[in-house]
Amino acid sequence: MTNTLATENAIEELARLPTLAHPTAAPDGSAVACYYDVSGRNEVHVVDVETGERTQWSDGDVPRSARWFLVWDADGERIFYHRDEGGDEQNDVYALSSDGSTEPVVELDGQVVIQGVGDDGRTLLVGSNRDGQMNLFRHDLVDDETTKLTDYELSVSSGNLSPDCDRIAYAANETDDLTNRDVYVAAVDGSNPRKLAIGETGAEAAPIEWSPDGDRLLVSDNTTDLGRVGVYDLESDEVTWYEDGQFEERAVTFLDDGSAVLANRTRDVRSVPIVYDLDSGTARELDLPDGVATLGMWGATTSALDDERIVVQHTTPTTRPEVLVYDLADDEYEVLVEAEYGPFDPSDFVDAEYVTFTSDGVPDTRAAAVEHDPADELDIDALFYDAGERPSPLLVTPHGGPRARDSKRFSLYTQVLASQGFSVLQVNYRGSSGRGREFVERLIDDWGGSEQGDVATGVEHVLETREWIDENRVAVFGGSYGGYSAYWQLVQYPDLYDAGIAWIGVTELEDMHENTFDHYRTGLIEKYLGTPQENPTLYEERSPVTHVENLDAPLLMAHGVNDNRVPVSQARIFRDALLEAGYVEGEDGDFEYEELSDEGHASSDQEQKLRTFRLLADFLDRRL
C-alpha cells in the first residue's frame, strides 16, 4: 500500500483545501447560505438553488473561524451571524446584507447564541450568559431593545419561537438531577411557563421546532435510552413517538406542510437522514452513499427548501463535505456545491476501517496514576486508518466532548497525520454519543476512569492484531476533552506511549470548574463530577496535573490564548507543574509548549490550521 498523500508540500496543500460549513436554506427555499473559505479566508457565500451560482456576500467582516452557524432573517434579505474576537466565543449577533454591509444587532456582555428568528420580522430569540448562566432573551429588531425572558439557575437551551411569535418553547431543568432536561412552553415575554409531560425525570427532552400551524411541537427525548423523535399535541397534551428502537435518532424539522418530519439516524459510525410520515408512523432512509449525511445541526438553521426538497451535507472518510439538494418525491439528489480537492483526488485519502473490541475499562497496561475496578465489559467501536507505512507508527486520537463520537466523515486532521506516515486510531469510548443515554451516562462519577481504559485497550487491540505497527512509536493526540485524554493517557499509562500532543486540553479540574462558562460548569463538569466541594478527592485524583511526575515521554502542549471553554490557564498549570517537578522545556527537553495567538477553542481558519499542522508534524518527526 502506497501513501499517496506523502508529498513534499502535503501539509500546506491539505490546510489550503477550501472547507464549507453550516449550509442553511433561505426562507423561500431559493438559496442556501454557508460559510466557505474558497478565497483563502472564511466568508459568507449564498448559492442559488436552481442555477448553482455562488455569490460571496461578506468581505472580511465575519470571523476567521467558522465555528458558529448562520441564520437568515424572516424576509431572506439579510443573514445573521455570530461575531467574536479572535475565537473567544464572546459572540455578538451581526447582520450581513447582500451588498456586503454589516451592522450589530444584539450586543451583550458574554456569549450570545441565536435561538430563533420570528416570521413577524421583528422578533429575535437568543440565548446569552450575560448574567452568568445561559438564559433566553428577546430582541426587538424594530425598537432595538433586548429583554430577558427566563431566569433559571441551570442553563436554558433549544429556544424556539412559535410561528405567530406569541409563544416560546425551550429546555430547562428545575430538578436536582443534572442529567434531567424538560420542555417548557411560555408566553413570548417569558410569563406563564408550563412544563410539558414528556419523558421521565433524569432523561433529556428538548423542543426542536413548532409545527407550521403552531399546534404541535417536534420534540426529542431519551427516556427509553435511545434518542427518539416525538410530536407533542399542545391542545390534548399528548405526545406521539416515532422511533425505530434500534438506532439513536435526532429530530430536525417539520416539512413545510406539517405531514412529515426529518431526523438524523445514527448507524454505528454512519449517519443517515430519515423521513417519518406522521400519519402512518413509518420511516424511510434517504438513498445516499455510505458515510455521514447530516441535516441542520441547530434549531435556528433550516434544511427544508419546500415540501419535497431538502438540503443535505454529505461526506465520507475519503470524500470531503459537499452540499446536496435531495428530492424526497423521487429519492434522487443533485450536488449543489461540489467539494474542492486541490491537487488531490478522493482515492489519495486514507479510508477508515470499522473496528470493534471488548473492554472492561481496565487495559493490560499498568495504571501508574489511579487503579480502579473493572467496569461492565462492553463492545467498543473504533475507526482505524492505515497510512500504508511498514512498519507504521500509530497515533490514537481520542475525540472531544466527551459527548461526541468519531464517524465515517472526512477528517482533515487524520489525513494530515496519514500524510506524515502515521496510522490513526479513533476510539468511541464509553460516554460517547450515538449509543443511547445509558452509554453516555457511564462517564458520570468516572471521568478519567473506564473511558480512558477503553482508549488504552483500543491501542492494545491494534498492536495485537496488526503486527506491522511499530510498538516503539505509539503516540496520543487530542483536543478539548481529547486533550484531557492525551494528558491522562500519558500519566496513567506511560508504558504505552512514546510521545504525546495535548491541544486545548484540561489538566486541573477545579480550575476548569472555576473558569469555564457557567453552562459548561453545570452542564458538563458538575454533571459528570459533582462540585469540588462534593467530590474533592475525585477532582484531585482525576486531574492529570496531580500525576505530572508520571510523564515519561516527550509532550507537546498547545493552547489558544483566547479559549474561554478550556482556558489557557489549564496548559499553564501543567507547564508550571512540569518545571517545578524538574522537567526541562525545549525542543531537546522533556516537553514543548506553544500558546496560539488570536485563537480560541480550535479554529477552521486556513492559516491557523496550517500553524497547528506544522507544529504537529515537526514535533512528531523529531520525537518519533
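Because the structure is predicted, anything quoted here is derived from the model rather than measured.

Details of unusual backbone geometry
Phase 1 of the analysis: Going from Arg 390 to Pro 391, the amide bond is cis rather than trans, its omega being -5°.
Phase 2 of the analysis: Mapped onto the secondary structure, Pro 391 falls in the loop between strand E30 (378-385) and strand E31 (392-396).
Phase 3 of the analysis: The residue after Gly 401, namely Pro 402, is reached through a cis peptide bond having omega 5°.
Phase 4 of the analysis: For Pro 402, the position within the fold is in the loop between E31 and helix H2 (412-419).
Phase 5 of the analysis: Notably, Asp 445 is not glycine yet its phi reads approximately 65°, a positive angle.
Phase 6 of the analysis: Structurally, Asp 445 is set in the loop between helix H3 (437-441) and helix H4 (450-465).
Phase 7 of the analysis: Here Asp 598, not a glycine, exhibits a phi torsion of approximately 55°, which is positive.
Phase 8 of the analysis: Inspection of the secondary structure puts Asp 598 in the loop between strand E36 (591-596) and helix H10 (606-623).

With respect to the pattern of salt bridges
Phase 1 of the analysis: Counted according to the given criterion, the structure contains 47 salt bridges.
Phase 2 of the analysis: Via salt bridges that share partners, Asp 244, Glu 249, Arg 265, Arg 267 and Glu 285 belong to a single interconnected network.

A word on the pairing of strand E2 (residues 31-36)
For a regular strand, side-chain orientation follows a simple rule: the groups alternate between the two sheet faces.
Phase 1 of the analysis: Judged by how many residues are buried, E2 sits mostly within the fold: six of six residues are covered.
Phase 2 of the analysis: Residues Ala 31, Ala 33 and Tyr 35 point to one face of E2 and Val 32, Cys 34 and Tyr 36 to the other, with burial holding for every one of them.
Phase 3 of the analysis: Pairing geometry for strand E1 (residues 20-25) and E2, over four bridges, is antiparallel. Bridge assignment links Ala 25 to a residue of E2, and that residue is Val 32.

Regarding H2
Phase 1 of the analysis: Across the eight residues of H2, seven count as buried, placing the element largely inside the fold.
Phase 2 of the analysis: Those residues of H2 that sit buried are Leu 412, Thr 414, Gln 415, Val 416, Leu 417, Ala 418 and Ser 419.
Phase 3 of the analysis: On the buried face of H2, the contacting elements are helix H1 (10-15), E30, E31, strand E32 (423-428), strand E33 (469-479) and H10.

Some thoughts on the packing of H2 against H10
Phase 1 of the analysis: For the pair H2 and H10, the least separation of the axes is 11 Å and the interaxial angle reads 35°. Here H2 runs over H10; the crossing is right-handed. Across the interface between the two elements, Leu 412, Tyr 413, Val 416 and Leu 417 from H2 touch Lys 609, Thr 612, Phe 613, Leu 616 and Leu 620 from H10.

Some details on the packing of H4 against helix H5 (residues 481-492)
Each packed pair of helices is defined by two parameters, the angle between the axes and the distance between the axes.
Phase 1 of the analysis: Two elements in contact, H4 and H5, have axes separated by 11 Å at closest approach and are oriented at 75°. One finds that H4 runs roughly perpendicular with respect to H5. Contact residues: H4 offers Glu 451, Gln 452, Val 455 and Ala 456, while H5 offers Tyr 481, Tyr 484, Ser 485, Trp 488 and Gln 489.

Overview of the packing of aromatic side chains
Phase 1 of the analysis: Enumeration over the complete set of coordinates arrives at 23 aromatic pairs.
Phase 2 of the analysis: On the numbers, 5.8 Å between centres and 80° between planes, the contact of Trp 57 with Trp 72 is edge-to-face. Residue Trp 57 is found in the loop between strand E4 (54-56) and strand E5 (71-72), and its partner Trp 72 is found in strand E5; the two are separated by 15 residues along the sequence. The pair formed by Trp 57 and Trp 72 is uniform in burial state, with each residue classed as buried.
Phase 3 of the analysis: Ring geometry for Tyr 152 versus Tyr 184: centroids 5.8 Å apart, planes at 55°, classification tilted. Here Tyr 152, found in the loop between strand E12 (145-148) and strand E13 (157-161), pairs with Tyr 184, found in strand E15 (residues 182-187); they are 32 residues apart in sequence, far enough to count as distant.

Some thoughts on the pairing of strand E14 (residues 167-172)
Phase 1 of the analysis: Along E14, five of the six residues are buried, which leaves the element largely enclosed by surrounding structure.
Phase 2 of the analysis: Examined bridge by bridge, E13 and E14 share three bridges and lie antiparallel to one another. Residue pairing across strands places Leu 161 opposite Ile 168, the latter belonging to E14.
Phase 3 of the analysis: Taken together, E13 and the strand that follows it, E14, pair antiparallel across an intervening segment of five residues, in which Cys 165 is found at a positive phi of about 65°.
Phase 4 of the analysis: Bridge count for E14 against E15 is six bridges, and the pairing is antiparallel. Paired with Ile 168 across the strands is Ala 186, a residue of E15.

Examining the sheet that holds strand E8 (residues 102-106)
Phase 1 of the analysis: Ordered by their spatial adjacency, four strands build an open sheet running E5-E6-E7-E8, and the pairing between neighbours is antiparallel. Strands at the two margins of the open sheet, each flanked by one partner only, are E5 and E8.
Phase 2 of the analysis: Here E5 pairs with strand E6 (residues 78-83) via two bridges, running antiparallel. Among the inter-strand pairings, Val 71 is bridged to a residue of E6, identified as Phe 80.

Digging into the nonpolar core
Phase 1 of the analysis: Ranked by internal contacts, the top residues of the largest apolar core, which has 58 residues, are Leu 425, Trp 447, Tyr 497, Leu 555, Met 557, Phe 574 and Leu 578.
Phase 2 of the analysis: Looking at this core, the element that brings in the most residues is H5, giving seven residues.
Phase 3 of the analysis: Here Leu 425 is in contact with Ala 382, Leu 383, Phe 384, Leu 394, Leu 395, Val 396, Thr 397, Gly 458, Val 459 and Val 462, once residues within four sequence places are set aside.
Phase 4 of the analysis: Of all hydrophobic cores here, the second largest spans 40 residues; its members include Leu 383, Ala 418, Phe 422 and Phe 613.

Observations regarding the side chain of Asp 348
Phase 1 of the analysis: For Asp 348, the position within the fold is in the loop between strand E28 (332-337) and strand E29 (352-359).
Phase 2 of the analysis: Arg 320 provides the closest opposite charge to the buried, salt-bridge-free Asp 348, at an N-O distance of 11 Å.
Phase 3 of the analysis: Here the side chain of Asp 348 touches Asp 345 through a polar contact of 2.7 Å, landing on its backbone nitrogen.
Phase 4 of the analysis: In this structure Asp 348 touches Thr 4, Leu 5 and Pro 343, once residues within four positions along its chain are discounted.

So, the environment of Ser 450
Phase 1 of the analysis: Among the secondary structure elements, Ser 450 is positioned in helix H4.
Phase 2 of the analysis: The class for Ser 450 is buried, based on a relative accessible area of 3%.
Phase 3 of the analysis: When the C-alpha atoms of Ser 450 and Tyr 429 are compared, they prove to be 8.5 Å apart, with 21 residues separating the residues in sequence.
Phase 4 of the analysis: Apart from residues lying up to four places away in sequence, Ser 450 is in contact with Asp 360, Gly 361, His 372, Ala 375 and Arg 430.

Cut-off values and rules
Residues numbered from 1 in each chain as written. Predicted model: local features only at pLDDT ≥ 70, side-chain atom pairs only at ≥ 80, totals over all residues. Heavy atoms only, no water. Helix = DSSP H or I, 4+ residues; strand = E, 2+ residues; numbered from the N terminus. Salt bridge = Lys/Arg side-chain N within 4 Å of Asp/Glu carboxyl O. Buried < 20%, exposed > 50% of the residue type's maximum accessible area, 1.4 Å probe, protein only. Pairing = 2+ DSSP bridges. Contact = heavy atoms within 4.5 Å. Axes fitted to C-alpha atoms, helices over the stretch in contact; angles between N-to-C directions. Left-handed = near helix turned anticlockwise from the far one by under 90°. Parallel < 35°, antiparallel > 145°, perpendicular 65-115°, else oblique. Phe/Tyr/Trp six-rings, centres within 6.5 Å; stacked < 30°, edge-to-face > 60°. Core = buried A, V, L, I, M, F, W, Y, C linked by side-chain atoms within 4.5 Å. Lys, Arg positive; Asp, Glu negative; His and termini not counted. Polar contact = N/O pair within 3.5 Å; in protein donor to acceptor, adjacent residues only side chain to side chain.

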